[in-house]
Amino acid sequence: MTQPSQQDPNLSGLTTETGKRTEQLLLNIWEPLDLLGQGLMGSLWRTVYLSIQDAIALGVLLKLPSLIGHIIIGKDFSSFDVCLKENALGVSLYACFIIVAADFCLWIVLAGRIIGRFWADLLELKRGNGHGSNKP
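In this text, all values refer to a predicted model and were calculated from it rather than measured experimentally.

1. Notes on the pattern of salt bridges
In this structure the tally under the stated criterion is one salt bridge. Notably, a salt bridge pairs Arg127 with Glu124, separated by 2.9 Å at the nearest N-O pair.

2. Examining helix α1 (residues 17-41)
Compared with the 36 Å implied by 1.5 Å per residue over 25 residues, the 35 Å span of α1 between its first and last C-alpha is a close match. If you follow the buried residues of α1, they end up packed against α2 (44-72). Taken from the residues just after α1, Gly42 is the one with a positive phi, measuring 65°.

3. Notes on a nonpolar patch on the surface
Together, Leu61, Leu64, Leu67, Ile68, Ile71 and Ile72 line one region of the surface with nonpolar side chains, adding up to about 590 Å² of accessible area. By secondary structure assignment, the location of Leu64 is in helix α2. Under the relative-accessibility criterion, Leu64 is labelled partly exposed at 38%.

4. Quick look at the state of the cysteines
Disulfide: a covalent bond formed between the sulfur atoms of two cysteine residues. Counting across every chain of the model gives one disulfide. The disulfide bridge from Cys83 ends at Cys96, spanning 1.8 Å between sulfur atoms. For the disulfide bridge between Cys83 and Cys96, the dihedral angle about the S-S bond is near -85°, and by the sign convention the bridge is left-handed. Here Cys83 is found in helix α3 (residues 80-83), whereas its partner Cys96 is found in helix α4 (residues 91-126), with 13 residues between them in sequence.

5. Observations regarding the confidence of the model for the chain
For the chain, mean pLDDT is 78; residues scoring 70 or higher make up 84% of the total. Mean pLDDT values for the elements of the chain range from 80 in α2 up to 89 in α1.

The rules behind the values
Residues numbered from 1 in each chain as written. Predicted model: local features only at pLDDT ≥ 70, side-chain atom pairs only at ≥ 80, totals over all residues. Heavy atoms only, no water. Salt bridge = Lys/Arg side-chain N within 4 Å of Asp/Glu carboxyl O. Helix = DSSP H or I, 4+ residues; strand = E, 2+ residues; numbered from the N terminus. Expected span 1.5 Å × (residues − 1). Contact = heavy atoms within 4.5 Å. Patch = residues over 30% accessible without salt bridge, like charges linked within 9 Å, V, L, I, M, F, W, Y side chains within 5 Å. Areas by Shrake-Rupley, 256 points an atom, 1.4 Å probe, with all protein chains shown as cover. Buried < 20%, exposed > 50% of the residue type's maximum accessible area, 1.4 Å probe, protein only. Disulfide = S-S within 2.5 Å. pLDDT = per-residue confidence, 0-100.

In structure tokens, the structure reads:
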């Protein structure tokens, strides 16, 4: 086991071995990927990276309403067509509409964030700055 003075300064103050290994593994993956992205895309890389990060986070969030509906009701609701097959007076119909509408709203948020981020970078590039917005 390494002493605190010998630890990598990039690693945070994690105390478990699993946490340290996981963070080191992520750093080993991220550093070459970051250098490659910056080399290929320059300042636009940050926008692409943040958009991918948003897509992953919102993709996980997108699965939560369906998972909760599957656990509680025992049915998988994937589209409004599935909702129309449910009993009009049953709870499943309303739960289905809520779950599908939540999925739809999360997709709108994801698309809006990606489009907004790229739009801001395009405007910065048009002004001649050449560095992009560098905003999340």
